[in-house]
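# Notes for the structure review
The residues making up each chain are set out below.
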2 protein chains.
Amino acid sequence: MSIDVLGYAAHTPTDDLSPYHFARREPCPDDVVIEILYCGVCHSDLHSIRNDWGNAHYPLVPGHEIIGRVLAVGTAVTRFKAGDNVGVGCMVDSCQHCDACEQGLEQYCEKGTYTYNTPDRHNEGFTFGGYSEKIVVSDKFVLKIPEGLDLAGAAPLLCAGITTWSPLRHWKAGKNSKVAVVGLGGLGHMALKLGKALGSHITLFTRSPGKEQDARDLGADRIVLSTDAAQMAAVKGQFDLIIDTVPYVHDINPYIPTLSLNGTLVLVGYLGGLEPFLNTVPLILGRKSVAGSLIGGIAETQEMLDFCGEHNITSDIEVIKMQDINAAYGRMLKSDVKYRFVIDMASLKDDK
Amino acid sequence: MSIDVLGYAAHTPTDDLSPYHFARREPCPDDVVIEILYCGVCHSDLHSIRNDWGNAHYPLVPGHEIIGRVLAVGTAVTRFKAGDNVGVGCMVDSCQHCDACEQGLEQYCEKGTYTYNTPDRHNEGFTFGGYSEKIVVSDKFVLKIPEGLDLAGAAPLLCAGITTWSPLRHWKAGKNSKVAVVGLGGLGHMALKLGKALGSHITLFTRSPGKEQDARDLGADRIVLSTDAAQMAAVKGQFDLIIDTVPYVHDINPYIPTLSLNGTLVLVGYLGGLEPFLNTVPLILGRKSVAGSLIGGIAETQEMLDFCGEHNITSDIEVIKMQDINAAYGRMLKSDVKYRFVIDMASLKDDK
């Protein structure tokens, strides 16, 4: 029997989000039924409901930084039981047998299913995300939340956390690494915390002089004002890895010369054309790379959560009510949040 | 005592090259004095004399694909003796103690000296290249030419060869690799030969339907017409490595989707802004990279030459006289050469 739930949906690209009733599927034997406690607010949520990427399907219920509690499990589920604290991130399904899936890189599966706004192989229509009371997810895509982690603060780990963790790990950031982070928002502040906990020397590139103390508190060893030519020149050739979290079109050319020989700048925040033109000269003269990276695989996400459990790392958040989401989007667009909004789903009861 | 030599120089950006007398330094104890037999003609030579990169110093004697015979060696030289066949590539000096030099990556030394048009630490002025009778080079930058290789055909190995070899090796092209090459010129035809000899499956991207048979003869397993959308779609996600040899501004966006998960497109031919804007979407959705690579280190160049000796690989060339260089540049600009001009330096006697 399907499960009726209340969520918040957009119905057009210009709509505010508003209460929306829909059905979750009748659980399969491998499914976990989750009561959603918290859901982080990701910039992608807003891009999706505004149809910025041209692929929005309405009604659209966003949300892919989900923390919840298991209500029930299917007969084939052994890893979870009712009462467990669990997480669901950006993916709820993948083909399980392509090259990417076999490498544990489900995020690159071409038949993968995102948590919202993706054709749903169980139902007619498209998947609905975490801005809702409950979700039904195959156990393969359910994460364990380590004991002791603040549950609301853990929500953004499911996207902002893994999106920065995956490139840190893939490009082998460790104790001898010099890592720089571009941008201090939801992703950037997680990159600082995770990179620091991995033992790397961490630099924040920012255009805002006022962010210095906050950045240091989050783990940055050095702050470089990217608008200051002298500061930029002083870090020429320094960084093994730059995690660029900026979610809008921006010029990456000034950062390339700050990479070391064989260094890599990894784009994790911006999907689109990089303006202005990319200059190949510093790439060629130092065997440098510009790469992209998308969230992370399921095993890697669990690894990140376990690491956060050991190091007591969560996101710095501001908890809001579901009813405040539209105002929160407005503040997010002005970067007026330190550093992630998280919706307390208990607030949904006020719409009943 | 310095050594008087005849070469060919440009005196302004619009000059034809013409005979020019200058002096090579008095040999130091670690120097090798080389009679130049052949010098390959690289697109960089023309860029340099035309001041396309804004750094030309005149008179400018180009040439960095040098094959010669040792005339004499300094007292400290043990690896070479008079009569040896040797090569000199794009570099004649480096600091020998920076990170790059210590890794055998002298090409990325920030204090390195290119074979021409670079401040000369031995003399006033700038270095003079291989379009000349003789050259004096520190033994650390002199390469051994394996016995049996055609000397004229070996000249382009010193730039075109190593420029494609280095990324093939750095990105680990081997028996299980799928490698694509963009462009079939001096660099591209070497990439086909070297990649094939390394055991990789080789694809050529070309805009010219007529190049198919030539490409197959050079080692290509497959030819993809990059202007044909269906052919491009058919190779989506195929290539671990793309070596992009195109020496002018071009759109790399169509090639990125043909990279496999974790694949890398390496630019080796074009220094400048990549138009149009680079689209980050396929980079992010497959953890793909765009990188640059510059020639190769000295040890790696020797490795490449030894490999070419074992596999009897040389460049496909057209030998010209020094006096024909200006006409040859005109043909090079029209890609009317298969695949490299090599100057027979014996022809310089006609200018005496």
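Residues numbered from 1 in each chain as written. Chains lettered and ligands numbered in written order. Predicted model: local features only at pLDDT ≥ 70, side-chain atom pairs only at ≥ 80, totals over all residues. Heavy atoms only, no water.

### Overview of the nonpolar core
The condition is simple: What makes a nonpolar core is a set of buried Ala, Val, Leu, Ile, Met, Phe, Trp, Tyr and Cys residues whose side-chain atoms join them at distances within 4.5 Å. Using a 1.4 Å probe on the protein chains alone, a residue whose accessible area is under 20% of its type maximum counts as buried, one over 50% counts as exposed, and one in between counts as partly exposed. Residue contacts follow a heavy-atom distance rule, with two residues in contact if any of their heavy atoms lie within 4.5 Å.
Grouped together as the largest cluster of nonpolar side chains are 238 residues, with contacts concentrated most on A:Tyr131, A:Phe205, A:Ile325, B:Tyr131, B:Phe205 and B:Ile325. Other than its neighbours up to four places away in sequence, A:Phe205 contacts A:Ala180, A:Val181, A:Val182, A:Gly183, A:Val224, A:Met232, A:Val235, A:Phe239, A:Ile242, A:Tyr255 and A:Thr258.

### A closer look at helix H9 (residues 298-311) of chain B
Count 3.6 residues to each turn of an α-helix, and residues three or four apart come out pointing the same way. All names here are of chain B. Put simply, the rule reads: Note on conventions: DSSP H or I runs of at least 4 residues are helices, E runs of at least 2 residues are strands, and numbering of each starts at the N terminus. The span you would expect from a helix comes to 1.5 Å times its residue count less one.
In this model H9 runs 20 Å from its N-terminal to its C-terminal C-alpha over 14 residues, within 8% of the 20 Å that 1.5 Å per residue would give. Within H9, burial applies to Ile298, Glu300, Thr301, Gln302, Met304, Leu305, Phe307 and Cys308. Looking at the packing, one finds that the buried side of H9 touches strand S6 (91-93), strand S9 (143-144), helix H4 (160-170) and helix H5 (186-197). Two residues or fewer past H9, Asn312 is found with a positive phi of approximately 50°.

### Notes on unusual backbone geometry
For the bond running from A:Tyr58 to A:Pro59, omega is -5°, close enough to zero to count as cis. Checked against the element boundaries, A:Pro59 lands in the loop between helix H1 (43-49) and strand S4 (66-73). Of the consecutive residues B:Lys338 and B:Tyr339, the connecting peptide bond is found in the cis state with omega at -10°. A positive phi angle, close to 60°, is found at A:Asn51, a residue other than glycine. Residue position: A:Asn51 is located in the loop between H1 and S4.

### A look at the pairing of strand S5 (residues 85-88) of chain B
Residues and elements named next belong to chain B. Rule in force here: Whether two strands pair depends on DSSP finding at least two bridges between them.
One ladder, built from 4 bridges, connects strand S4 (residues 66-73) with S5; its direction is antiparallel. Counted as the bridge partner of Gly68 is Val86 from S5. Sheet topology note: the S5/S9 ladder contains 2 bridges and is antiparallel. Looking at S9, one finds that Val86 is bridged to Lys144.

### Description of the relation of the copies chain A and chain B
Quick note on the threshold: To superpose the copies, least squares is applied to the C-alpha atoms of every residue with a pLDDT of at least 70 in both.
Mapping chain A onto chain B leaves a residual RMSD of 0.0 Å; the transformation is a rotation of 180° accompanied by 0.0 Å of translation along its axis. Taken together, these values place the two copies in the relation of a two-fold axis. Take the interface residues of chain A: 100% of them recur as interface residues in chain B, which is what a same-surface contact looks like.

### A closer look at the sheet that holds strand S17 (residues 289-292) of chain B
Applied cut-off: Fitting a line to C-alpha atoms yields each axis, with helices limited to the stretch in contact; the angle taken between N-to-C directions then spans 0 to 180 degrees.
Pairing within the open sheet is mixed, and its 12 strands lie in the order S12(A)-S11(A)-S10(A)-S13(A)-S14(A)-S17(A)-S17(B)-S14(B)-S13(B)-S10(B)-S11(B)-S12(B). Bordering the open sheet on either side are strand S12 (222-225) of chain A together with strand S12 (222-225) of chain B, each of which pairs with just one other strand. Strand-to-strand, the axes of this sheet are offset by a mean angle of 20°, without reference to chain direction. For strand S11 (residues 201-206) of chain A and S12(A), the ladder comprises 4 bridges, and the chain directions are parallel. Within S12(A), the position partnered with A:Thr203 by the bridge is A:Arg222. Packed on one face of the sheet, helix H4 (residues 160-170) of chain A meets strand S10 (178-182), strand S13 (239-244) and strand S14 (259-267) of chain A together with strand S14 (259-267) of chain B and runs near 160° to S13(A). Against the sheet, H5(B) makes contact with strand S10 (178-182) and strand S11 (201-206) of chain B, and its axis sits at roughly 165° relative to S11(B), the strand it touches most.

### A look at the domain arrangement of chain A
Residues and elements named next belong to chain A. The following threshold applies: Residue ranges assigned to the domains are those given by an automatic or database domain assignment. In short, buried area is how much 1.4 Å probe accessible area vanishes from two parts on joining, totalled over both. Salt bridges are defined as contacts in which a side-chain nitrogen from Lys or Arg sits within 4 Å of a carboxyl oxygen from Asp or Glu.
Splitting chain A by domain gives domain 1 (3-158 + 317-351) and domain 2 (160-292). Centre-to-centre, using C-alpha coordinates, domain 1 lies 28 Å away from domain 2. In this assembly, domain 1 packs against domain 2 so that about 960 Å² is buried in total across both faces, 56% of it on carbon and sulfur atoms. Counting the surface domain 1 buries against domain 2, the share from its top three residues, Leu157, Tyr339 and Arg340, is 54%. On inspection of domain 1 and its partner domain 2, the count reaches 1 salt bridge. With its nearest N and O atoms 2.6 Å apart, the salt bridge here joins Asp214 to Lys338.

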